[in-house]
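# Architecture and fold: a report
One-letter residues, chain by chain:
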Amino acid sequence: MAPTLAEPFSDSSALIDFVINQGNGVKGLSEIGLKALPKQYIQPLEERMCMTNILAQESIPIIDMSKWEDPQVAKSICDAASKWGFFQIVNHAVPVEVLENVKDATYRFFGLPAELKNKYSKEHSTSNNVRFGTSFTPQAEKALEWKDYLSLFYVSEEEASALWPPVCREQVLDYMKKSEVVIKQLLQVLMKGLNVDDVDETKKSLLMGSMRTNLNYYPICPNPELTVGVGRHSDVSTLTILLQDEIGGLFVRGNQGDDWIHVPPIKGSLVINVGDALQILSNGRYRSVEHRVVANGSKNRISVPIFVNPRPGDMIGPLPELVASGEKPIYKQVLYSDYVKHFFRKAHDGKKTVEFAEL
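Since the model is a prediction, treat every value here as computed from it, not as a measurement. (Residues numbered from 1 in each chain as written. Predicted model: local features only at pLDDT ≥ 70, side-chain atom pairs only at ≥ 80, totals over all residues. Heavy atoms only, no water.)

As a further point, take the overall build of the protein. Looking only at helices and strands, the protein has 11 helices and 14 strands in total. A compact globule built from 359 residues would reach a C-alpha radius of gyration of about 21 Å, and the protein, at 20 Å, matches this within 12%. Considering only C-alpha atoms, the protein reaches an extent of 65 × 50 × 40 Å along its principal axes. Across the 359 residues that make up the protein, the buried fraction comes to 56%. When the accessible surface of the protein is split by element, carbon and sulfur atoms take 54% of a total near 15500 Å². Where the 39 positive side-chain charges of the protein centre and where its 44 negative ones centre are 1 Å apart. (Helix = DSSP H or I, 4+ residues; strand = E, 2+ residues; numbered from the N terminus. Rg over C-alpha atoms; globule rule 2.2 N^0.38 Å. Buried < 20%, exposed > 50% of the residue type's maximum accessible area, 1.4 Å probe, protein only. Areas by Shrake-Rupley, 256 points an atom, 1.4 Å probe, with all protein chains shown as cover. Lys, Arg positive; Asp, Glu negative; His and termini not counted. Charge placed at Lys NZ, Arg CZ, Asp CG, Glu CD.)

Look at helix H4 (residues 96-110) against helix H7 (residues 169-192): their axes get within 9 Å of each other, and the N-to-C directions meet at 145°. In this structure, the crossing between H4 and H7 has a hand that is left-handed. Within the contact between the two elements, H4 uses Val-98, Leu-99, Asn-101, Val-102, Ala-105 and Arg-108 and H7 uses Gln-171, Val-172, Asp-174, Tyr-175 and Lys-178. Residues that form the contact of H4 with H7 fall into these classes: 6 nonpolar, 2 polar and 3 charged. (Axes fitted to C-alpha atoms, helices over the stretch in contact; angles between N-to-C directions. Left-handed = near helix turned anticlockwise from the far one by under 90°. Contact = heavy atoms within 4.5 Å. Nonpolar A, V, L, I, M, F, W, Y, C, P; charged D, E, K, R; others polar.)

Looking now at the side chain of Arg-131. Structurally, Arg-131 can be placed in strand E3 (residues 130-134). Salt bridges are absent for the buried Arg-131, whose nearest opposite-charge side chain, Glu-123, sits at 7.2 Å. Within the structure, the side chain of Arg-131 is placed 3.0 Å from the side chain of Asn-128, a separation counted as a polar contact. Other than its neighbours up to four places away in sequence, Arg-131 contacts Tyr-120, Ser-121, Lys-122, Tyr-149, Leu-150 and Ser-151. (Salt bridge = Lys/Arg side-chain N within 4 Å of Asp/Glu carboxyl O. Polar contact = N/O pair within 3.5 Å; in protein donor to acceptor, adjacent residues only side chain to side chain.)

Applying the stated criterion across every chain yields a total of 13 salt bridges. Between Glu-290 and Arg-253 there is a salt bridge whose closest N-O contact spans 2.8 Å. Taken together, the residues Glu-290 in the loop between helix H9 (276-281) and strand E11 (291-293) and Arg-253 in strand E8 (residues 250-253) connect sequence positions 37 residues apart. Assigned by exposure class, Glu-290 and Arg-253 land together as buried. The network of salt bridges with shared partners includes Glu-100, Lys-103 and Lys-267.

Turning next to the UniProt feature "domain: Fe2OG dioxygenase" (unreviewed entry) in the protein. Those places that UniProt annotates as "domain: Fe2OG dioxygenase" (unreviewed entry) correspond, in this numbering, to residues 209-310. Helix makes up 6% of residues 209-310 and strand 42%, and the two end C-alpha atoms of the span are 5 Å apart. (UniProt positions renumbered as here; feature names shortened; annotations may be inferred.)

The next point concerns the sheet that holds E3. Read from one edge of the open sheet, 8 strands run E1-E2-E10-E7-E12-E5-E4-E3, paired in mixed fashion. Of all the strands in the sheet, the pair left with one neighbour each is strand E1 (62-64) and E3. Ignoring which end each strand starts from, the neighbouring axes of this sheet average 25° apart. The pairing of strand E7 (residues 239-244) with strand E12 (residues 301-309) spans 6 bridges and is classified as antiparallel. Counterpart to Gln-244 in the pairing with E12 is Ser-303. (Pairing = 2+ DSSP bridges.)

Under the counting rule described, the total for this entry stands at 7 aromatic pairs. Here Tyr-41 and Trp-146 contribute two aromatic rings whose centre-to-centre distance is 5.1 Å and whose plane-to-plane angle is 80°, an arrangement assigned as edge-to-face. One end of the pair, Tyr-41, is in the loop between helix H2 (25-31) and E1; the other, Trp-146, is in the loop between E3 and strand E4 (148-154), with 105 residues separating them in the sequence. Taken together, a centroid distance of 6.2 Å and an interplanar angle of 90° make the contact between Tyr-107 and Tyr-217 edge-to-face. Within this pair, whereas Tyr-107 is found in helix H4, its partner Tyr-217 is found in strand E5 (residues 210-218), the two being separated by 110 residues in sequence. Taken together, the ring pairs connect Tyr-107, Phe-109, Phe-110, Tyr-120, Phe-132 and Tyr-217 into an aromatic cluster. (Phe/Tyr/Trp six-rings, centres within 6.5 Å; stacked < 30°, edge-to-face > 60°.)

Look at H7 against helix H8 (residues 201-208): their axes get within 11 Å of each other, and the N-to-C directions meet at 110°. Regarding the angle of H7 to H8, the classification is roughly perpendicular. Of the two possible hands of crossing, H7 and H8 adopt the one that is right-handed. Between H7 and H8, the contacting residues are Glu-180, Ile-183, Lys-184, Leu-187 and Met-191 on the first element and Lys-204, Leu-207 and Met-208 on the second. Each residue belonging to the contact of H7 with H8 can be placed in one class, and the counts come to 5 nonpolar, no polar and 3 charged. (Parallel < 35°, antiparallel > 145°, perpendicular 65-115°, else oblique.)

What follows covers unusual backbone geometry. A positive phi angle, near 50°, is found at Asn-91, a position not held by glycine. The topology assignment puts Asn-91 in the loop between strand E2 (86-90) and H4. A residue is classified by how much of its surface remains accessible, and Asn-91, at 49% relative accessible area, is partly exposed. Even without a glycine there, the phi angle at Asn-223 is positive, about 50°. Mapped onto the secondary structure, Asn-223 falls in the loop between E5 and strand E6 (230-233).

Let us now look at the nonpolar core. Formed by 73 residues in total, the largest nonpolar core has its most connected members in Ile-77, Leu-150, Tyr-175, Leu-186 and Leu-270. With sequence-adjacent residues up to four places away left out, Leu-150 is seen in contact with Phe-109, Phe-110, Tyr-120, Val-130, Arg-131, Phe-132, Pro-165, Cys-168, Thr-213, Asn-214 and Leu-215. (Core = buried A, V, L, I, M, F, W, Y, C linked by side-chain atoms within 4.5 Å.)

Rendered as structure tokens:
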């Protein structure tokens, strides 16, 4: 039962029931035509996006991957990973129709009735590897984020066929499979930049032993300036491969401290960012950088990130080759699953997660 528009969810338990327990998500809130943002979504002033802090003339690097083995292209990838932590790639190996198909599939999933999506919620999903949810960690957050998501952790084709939602299963699998070529190219170049030339199977599984794809939905928001789509954070991945639609709204922290740079949508491009795992493995040479997503008052937005990760049971720390060459390690060895649990236990808090691994 939707509440009245005049007094939207003054009672938190009614909001939680509508958004989380019934599976309506913020998409459901958006579609009942609220005139004002429920107070549970109002972020503290310091977490709201201040438009005066945006560097309009700045842009993250855009790299043409058609000649990825060219030393100049390789250098620009390594430079982007160390200076910016973010870059966009064009002319990569993932066909445009694969990207379009997974965007369509994302709209299809979020277009399902709430009771069907809710089958995949934490309370009802048959597996931890398939999760429909909203915000980030609602139980740990003082203010909620204006986003719904479906998170799909890849174990095998068989498990995906059995457990993933049929409306998006094939398209997500295809997107993951086709992206693997680019992921391997990028990791090969980034390892070479650290003078790690031999990427054997052990190293490959440490860098990309597990993958998760999220389908993110950011519906139209009343009072978007009072909330966030996603709060300030860095990813816990090795690399994140992000497909965004044409709406825009992703901002990356600039090198000047409190400045933010918009990542403009480029048709057919993918946004690549370094995650905390690669910052730790590279002993700080590659940087995982804070980013955030603003809410939008006039358009629905979707994005589809692939998180390329170590396996949960892997120990991560500075690569032995770096330490052997005389570099002083700035991170300790940590169990990757412990690191990830630490990230998900708390609300988004910028770059604080990486302190978990500092010496």
